[in-house]
Amino acid sequence: MSSFSDQIDEIKSLIHSNSKASKSLAYSTLLLLQQQSNNNPSSIQTLASSFQTLISIISVDISNDDEEIAAQALKCLGFFIYHPSIVAIIPDDDANMIMGALAKVIISTKIKSVCNLGVWCISMQQFNVSFLANHFHSVLWAVVHALDNPFGSLSTTFEAIQVIIKLAAQLSEKMRESSHIWAPPIYRRLLSTDKRERDMSERCLLKIRSAIIPPPTFLSKALVKDMKLKLLAGMKDLLNQGMKVQTLQAWGWFIRLLGSQALKNRHLVNDMLKIPEQTFSDHSPQVQIASQVAWEGLVDVLIQPLLLTCDADEVVEDGCQVQERAFSKSIKLLMTPLTGIISSKCDVSVHLCCLNTWCYLLHKLDISMKNSLVIELVLDPVFEAVFQMGPDAKTIWIWTLCLDLLDDFVIAKCRKVDYESSSPVSHHSSVRTSMLGPSVSGKCLVKQHSIKWFPWDIRHLDFFIKMINVILTHASVATTTLQNRSSASDAALRIFISLLKGIQMELKSSSISYVNIVLCLNKILRFTKETCEKIDSDGSANMKLQHKIQFLLAVVDELEPSILGSPLYKVALDIRCLENLQSVNDIKYEKHLGISSIAYMDMVSPFAYLIILCICVVMESTSNTLGTELISQGPHKNFKLILFSHDPLENLRTAVGLLFKYVDYNRNLHIWIVLAEALEDCISGVKDLSMFKIEPDSNGYLGIFHLLSYPFVALCSPQQMPIPEKVGESSEESHVLAQRSLELDHVIEVWKSVHCALCAFKCFATKSISDNLCSILNWCIDENLSKVGCGTELDLSCS
């Protein structure tokens, strides 16, 4: 058997002969040797050394009229210019000759297989980028010829597309500049009735997207011409044939490639928009999804980088106002179908795809996210529509996604420092494919889009409160499941806490005005009040109360006491509970005890507002329940957090003053117990005894004195005294009286416990308060005994 070198020599001899049979044998043998040497370095070296003597004849034979010889010669040449070890040693002159020969044979051959192999060689070659740049134009014209080859060969087109993809990666700038030459033969195939052609074109455009998006002007102009001549009519024909998804795929690419020319050819674009107008309302989820994916192409066209740098709320020049109107018009156009879909009842995959397209719009808006129009036209309608759906099993993914996005926006206020750094995108939310679950993951692929959330200001507060209110509607709808009601309440609380963190930053700003501070506090307190009035997150009274108290605690936790308790800021006491409660007509308690009056619409500090609201919430929560049931749940812990977080003794005085103002045996003693237990907890946990080092007539002293006095006043008040059991009373009435007796025992027990805890502090004015308590007790007894003769029934044993 002859050696590898001998075989090469024999091939050289045969390949230079004029005999067809000899040449055919030479090339078939060379192909075999090339395959065998692929993993043998010494054999490759032998082939490389023989290449220079073979290249001249191979370059001629690739244009041979005999298909067999030309095809085999091209296959052999393809191996030589693909293998890096051989390419590295090819002289420049030979390389130039090879590229020239390949370009020539592709354009001139009348043999389909030869044209195909010629393009294949170019797609396989491993010449360096600078060499390819020198031959760019000749190669480009050859490849363009192959794309629309005269043979109608799909395989040749495929090989030409591989060259396009390779050149776009290696010579991106040159390919971009010449895209109006090579791109049309590719994008025209998007309207082919042959699925293979469409898929081939689509894959190519996806791979070379960065080279043509955003499109250069020459490419856009070429497309405008194509659209008017054939493509628009082609889309309509394809649509009429029922190929809606395929039409929309092409539409998406065409609208993107129009680029800046879209605004200069409005009639053309208006005609193009008639296609998605039909498909957005289609009954097929697949068609609706395809419509939204295609719609992202229009987003690319209408939302350009730095499209709008003016803030809509600033005084701007005429040029910026014109730009703003154009921006508003574009946004309204883009949002119209998205708002319609997200507000309609359709497949969950359609909703998810709609949100994905919406997130893509948010991503493209970039710095324009700072514009107030974005909140009004882009964020508000989608957030509202989604949150109105509720967190049920079908919409939980959409609900959760929008909650995350809204929370990202709200918390951006606290990340202001990130936006001042060099990072172009400081925060983003991602919609992941895992969200879809097994049932819809195949229908709609949710992608990831980074979104720039910029710090908001007090102007946007109404928007956030509106969204939280929409979420909270599901916490008070009787037809909603208990779990969903609780989920809605938790979600609203989450956003509210994030909002409060941002508000705290706003209130700390040195630039904020007094008027805006008061405005901000009024909005937050009004929202908290309205939330406590309407929330109904669970079936049990205790859980309702807990959810309401959480919103109150959030305000106390997140806003600084220096703001909430400041005498500089006053808010109207517009709590509905106070308006509806019956005030005590006789004001002698107030005069005798020195209690400050609390009435509806009084101006109070934010902290006093929260304390009174908290008590009103408990009053309403216990109006239809037994007080002992509520007390057994331990809500005094929440009272403790609210009442004793800042200036506790002053807060205690405010709270007890409210009880004196609106006396009601059934409810107020329950609240008194809660307050007293909260005070006892505070006493047992206090480390700074100076808090209780108070003098008579001080606010702190009065607060404790009023607390300890209240049971005497409440129990001795004629309208509050329990009536002795009469003969013939029903068992239900007897049960109520027995329950009241147990509550009275509890009151006495708590009173003693608090009094003992106070007496443990030697610094507290114990003697003075004991004297005053005896005085008020004697006064209460005297007042009530004087009424016995007037026909008032009293159970004197209670004294």
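Residues numbered from 1 in each chain as written. Predicted model: local features only at pLDDT ≥ 70, side-chain atom pairs only at ≥ 80, totals over all residues. Heavy atoms only, no water.

The subject of this paragraph is the overall build of the chain. A count of helices and strands for the chain gives 41 helices and two strands. When each of the 799 residues of the chain is scored for burial, the buried share is 55%. At a minimum sequence separation of 6, the contacts of the chain that also span at least 24 residues come to 78%. Roughly 35,400 Å² of accessible area belongs to the chain as shown, and the carbon and sulfur atoms make up 53% of that amount. (Helix = DSSP H or I, 4+ residues; strand = E, 2+ residues; numbered from the N terminus. Buried < 20%, exposed > 50% of the residue type's maximum accessible area, 1.4 Å probe, protein only. Contact = heavy atoms within 4.5 Å. Areas by Shrake-Rupley, 256 points an atom, 1.4 Å probe, with all protein chains shown as cover.)

As enumerated under the stated definition, the model contains 22 salt bridges in all. Two residues, Arg189 and Asp148, come together in a salt bridge whose shortest N-O distance is 2.9 Å. Here Arg189, found in the loop between α13 (184–187) and α14 (195–207), pairs with Asp148, found in the loop between α9 (136–147) and α10 (154–170); they are 41 residues apart in sequence, far enough to count as distant. Looking at Arg189, the relative accessible area reads 11%, which means it is buried. For Asp148, a relative accessible area of 42% gives the class partly exposed. Glu384 is paired through a salt bridge with Lys466; the nearest N and O atoms lie 3.2 Å apart. Placement of the pair is Glu384 in helix α23 (residues 372–389) and Lys466 in helix α27 (residues 461–472), with a sequence separation of 82 residues. A residue is classified by how much of its surface remains accessible, and Lys466, at 32% relative accessible area, is partly exposed. Through salt bridges that share partners, Arg209, Arg256, Asp300 and Lys364 make up one connected network. (Salt bridge = Lys/Arg side-chain N within 4 Å of Asp/Glu carboxyl O.)

Across the chain, the average pLDDT comes to 83, with 80% of residues at or above 70. Every residue in residues 312–316 is under pLDDT 50, and counting partners more than four places away or in other chains gives nine contacts. Ignoring residues within four places in sequence, the model shows residues 721–728, a span with pLDDT below 50, making twelve contacts including any to other chains. (pLDDT = per-residue confidence, 0-100.)

Turning next to empty space enclosed by the protein. For the structure on display, the rule yields five cavities of 30 Å³ or more. In terms of lining residues, the second largest cavity is bounded by Lys529, Cys532, Glu533, Ile575, Arg576, Cys577, Leu613, Cys616, Val617 and Glu620. Of all the elements in the fold, those that place two or more residues in the lining of the second largest cavity are α29 (514–534), α32 (576–580) and α34 (606–621). Per-element accounting of the lining of the second largest cavity gives the leading share, four residues, to α34. Residues belonging to the lining of the second largest cavity are distributed by class as follows: six nonpolar, no polar and four charged. (1 Å grid on protein atoms, 1.4 Å probe; cavity = no way out; pocket = protein on both sides within 12 Å on 5 of 7 lines; lining within 4 Å. Points joined across faces, edges and corners; volume = space filled by probe spheres on them. Nonpolar A, V, L, I, M, F, W, Y, C, P; charged D, E, K, R; others polar.)

To find the voids left in a structure, one rolls a probe of water-molecule size over its atoms. Roughly 460 Å³ of volume is contained in the second largest pocket. Along the walls of the second largest pocket sit 17 residues, with Leu263, Arg266, Leu302, Lys329 and Ser330 positioned nearest its centre. Going through the elements one at a time, α18 (261–264), α19 (266–279), α20 (285–302) and α21 (318–342) are the ones with two or more residues in the lining of the second largest pocket. In terms of residues, the lining of the second largest pocket owes the most to one element, α21, which gives six residues. Residues belonging to the lining of the second largest pocket are distributed by class as follows: eleven nonpolar, four polar and two charged.

For residues besides glycine, phi is generally negative; the peptide bonds are generally trans as well. Pro214 follows Ile213 through a cis peptide bond whose omega is -5°. Mapped onto the secondary structure, Pro214 falls in the loop between α15 (209–212) and α16 (217–240). Positive phi, normally seen in glycine, also occurs at Asp366, with a value near 50°. Overall, the relative accessible area of 27% leaves Asp366 in the partly exposed class. Despite not being glycine, Met601 has its phi angle at roughly 70°, a positive value. With respect to the element layout, Met601 can be found in the loop between α33 (588–593) and β2 (603–604). Taking the relative accessible area as the measure of exposure, Met601 reaches 40% and is therefore partly exposed.

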